[in-house]
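Structure at a glance
Okay, here's what each chain looks like letter by letter:
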Amino acid sequence: MYNTSDNIVALATIPGKSALNVVRCSGADSLFLYKNMFRQKKTPLPNFLHRRSAYLNKQIIDDCMVVFFKGPKSYTGEDMLEVSTHGGTVIVKRIIECIEKYLFRQAFPGEFTYRAFINGKIDLLQAESIQSAVDSGNNLDALYSINNVKGSLSRKTSAITLKIQNILTHMEHELDFNEDEIDFKSQNEYIQNINKIISSIKKIIDFSYLASEKKSSATIVLVGKTNVGKSSLFNALLGRERSIVTNQKGTTRDTIEVEIIINKINVELIDTAGIRKTKEVVEKQGISRTYSAIKRADIVLFVDSKSPQKNIDTFKTLFENKKIIFVNSKSDLKTHTKERGSFSLSSKSGAGIDALYKTIKKEMALYLRDFVDNNLFLINYRQKKVLNQTASVLQKTIVSYESTKDLAVAASTLRESFNMLKELQGYNNKNEIINNIFKGFCVGK
């Protein structure tokens, strides 16, 4: 896919109006480029920021900040140059035009990270985590992605791979030598060791999550009958009018979803259609979507203007195993009566909103703690698929070994699982898989 002998260049920042642009270069001629483009005779001190003027055809283009990275101590493992220019499109276009004159071509998507992978700076798991860090939409996804970039998942899978390798080595020695030359393991010993490896792999799968599943975001749903103040509370929590509020019952016909951040957790706040019996077709569809929102809710704010804890009885089956916070709304009305265990508040005056918000913040802190306790890694579909396949092959190894008692057959299927884990980390070069992974990266990464 990529020609790694070429010099490459790319804009590493988003094009358009901005304070700065960063241009990234990699390749054997990076030092030559630095000396000629910036008119310098001395080799720059690596990894230090230098202020330099860039020239094109003897004409100054811009006053830049430049860093020279000497390979292999660079992102790609090659000599690299990073040039920070003033923002906008004109200056950076001329900078790249100048660099291309020194036989640097435009980089393809993911080519810088591909070179880091090929040059042994990172494995495939780390490479994929770099892109997931770029794509992360919340604090937790970013945190787990960076942990993987630093090698947390790689170290775990490498340790498992090494254990399989050790078992394989012993099996193959047994096949090559007689009992007088080495210690033979019993069948039970081999099976016990393989079972431990299966458990380790299943622990990674069970204690990992996919970013696409949105487990790292909490969902809070406002639920109740019609005209009890759900939309007013929704707007009050947002601090702006997002839902339409009227005195007419059934005003909210559909779910309204907004993402906010509470206690560093991305929260999907959902306003729903009021639950009631109706023959109106559109309203019935809205109520159906309310039920769907309740199913995926982590916290339900059950809102009622009279007695939420009594009036929830009609809908109790909807909220099984859900965390419920009772909200006694419209406290500004003279007819309002407080209910013990419910938050009395008025979205109109703001009374009681702060107390409710503090409780929601506490719940988000508990959600964060539970999430961290129950999730070790962020993985993608490819990684999860390979891990499941590896565990399945290891299980097959045990079954075949128990039935045949043939060590050669066991060693053969065990090697299959070993190769799968090496493929997971990118050490068994499957070009089609690798190419598809790096095609999904942004240019300049």
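Residues numbered from 1 in each chain as written. Predicted model: local features only at pLDDT ≥ 70, side-chain atom pairs only at ≥ 80, totals over all residues. Heavy atoms only, no water.

1. Some thoughts on helix H13 (residues 407-425)
A rise of 1.5 Å per residue sets the reference length of H13, with its 19 residues, at 27 Å; its end C-alpha atoms lie 27 Å apart and thus fit the reference within 8%. Turning to H13, its buried residues number three or more, namely Leu407, Ala410, Ala411, Thr413, Leu414, Ser417, Phe418, Met420, Leu421, Glu423, Leu424 and Gln425. A side-chain oxygen of the first residue of H13 lies 2.9 Å from the backbone nitrogen of Ala408; this N-cap is Asp406. Phi for Gly426, located one or two positions after H13, is positive at around 90°. (Helix = DSSP H or I, 4+ residues; strand = E, 2+ residues; numbered from the N terminus. Expected span 1.5 Å × (residues − 1). Buried < 20%, exposed > 50% of the residue type's maximum accessible area, 1.4 Å probe, protein only. Polar contact = N/O pair within 3.5 Å; in protein donor to acceptor, adjacent residues only side chain to side chain.)

2. A short note on the packing of helix H12 (residues 381-404) against H13
At a minimum axis separation of 9 Å, H12 and H13 run at an interaxial angle of 175°. Taken as axis vectors, H12 and H13 run roughly antiparallel relative to one another. Of the residues assigned to the contact of H12 with H13, the class counts are 12 nonpolar, eight polar and four charged. (Axes fitted to C-alpha atoms, helices over the stretch in contact; angles between N-to-C directions. Parallel < 35°, antiparallel > 145°, perpendicular 65-115°, else oblique. Nonpolar A, V, L, I, M, F, W, Y, C, P; charged D, E, K, R; others polar.)

3. A short note on the sheet that holds strand E5 (residues 80-86)
Reading across the sheet, the six strands line up as E3-E4-E5-E2-E1-E6 and stay open at both edges, with mixed pairing between neighbours. What marks the edges here is a single partner per strand, and that holds for strand E3 (49-56) and strand E6 (104-106). This sheet shows a mean twist of 30° between the axes of neighbouring strands, independent of strand direction. Two elements, strand E1 (residues 7-11) and strand E2 (residues 20-26), share four bridges in a ladder whose sense is antiparallel. Considered in E2, the bridge of Val9 is made with Cys25. Relative to E3, helix H1 (residues 30-37) is tilted by about 70°, and along the sheet it contacts E2, E3, strand E4 (59-69), E5 and E6. Against the sheet, helix H3 (residues 111-118) makes contact with E1, E2, E5 and E6, and its axis sits at roughly 135° relative to E1, the strand it touches most. (Pairing = 2+ DSSP bridges. Contact = heavy atoms within 4.5 Å.)

4. Considering the packing of aromatic side chains
Two descriptors summarise a pair of aromatic rings, namely the distance from one centre to the other and the angle between the planes of the rings. Scanning the model with the defined rule gives nine aromatic pairs in all. Taking the centre distance of 5.8 Å and the plane angle of 45° together, the rings of Tyr34 and Phe38 count as tilted. Looking at Tyr34, the relative accessible area reads 1%, which means it is buried. Members of the aromatic cluster, joined through ring pairs, are Tyr2, Phe108 and Tyr114. Note that Arg24 overlies the ring of Tyr75, its terminal NZ or CZ placed 4.9 Å from the centroid. (Phe/Tyr/Trp six-rings, centres within 6.5 Å; stacked < 30°, edge-to-face > 60°. Lys NZ or Arg CZ within 6 Å of the ring centre and 35° of its normal.)

5. Concerning the pattern of salt bridges
On inspection of all chains with the given rule, the structure shows 13 salt bridges. The closest approach of N and O atoms between Arg115 and Glu78, which form a salt bridge, is 3.0 Å. Of this pair, Arg115 sits in helix H3 while Glu78 sits in the loop between E4 and E5; the two residues are 37 residues apart in sequence, bridging distant segments of the chain. Accessibility classification places Arg115 together with Glu78 in one group, the buried group. Where Arg296 meets Glu268, a salt bridge forms, and the shortest distance between an N and an O atom there is 3.5 Å. With Arg296 in the loop between helix H9 (281-295) and strand E11 (299-304) and Glu268 in strand E10 (residues 265-271), this pair connects stretches of sequence that are 28 residues apart. You can call Arg296 partly exposed: its relative accessible area is 39%. Classification of Glu268 by relative accessible area gives buried; the value is 13%. (Salt bridge = Lys/Arg side-chain N within 4 Å of Asp/Glu carboxyl O.)

6. A closer look at the environment of Tyr401
The residue Tyr401 is located in helix H12 in this model. For the pair Tyr401 and Ala411, spaced 10 residues apart in sequence, the C-alpha to C-alpha distance is 9.1 Å.

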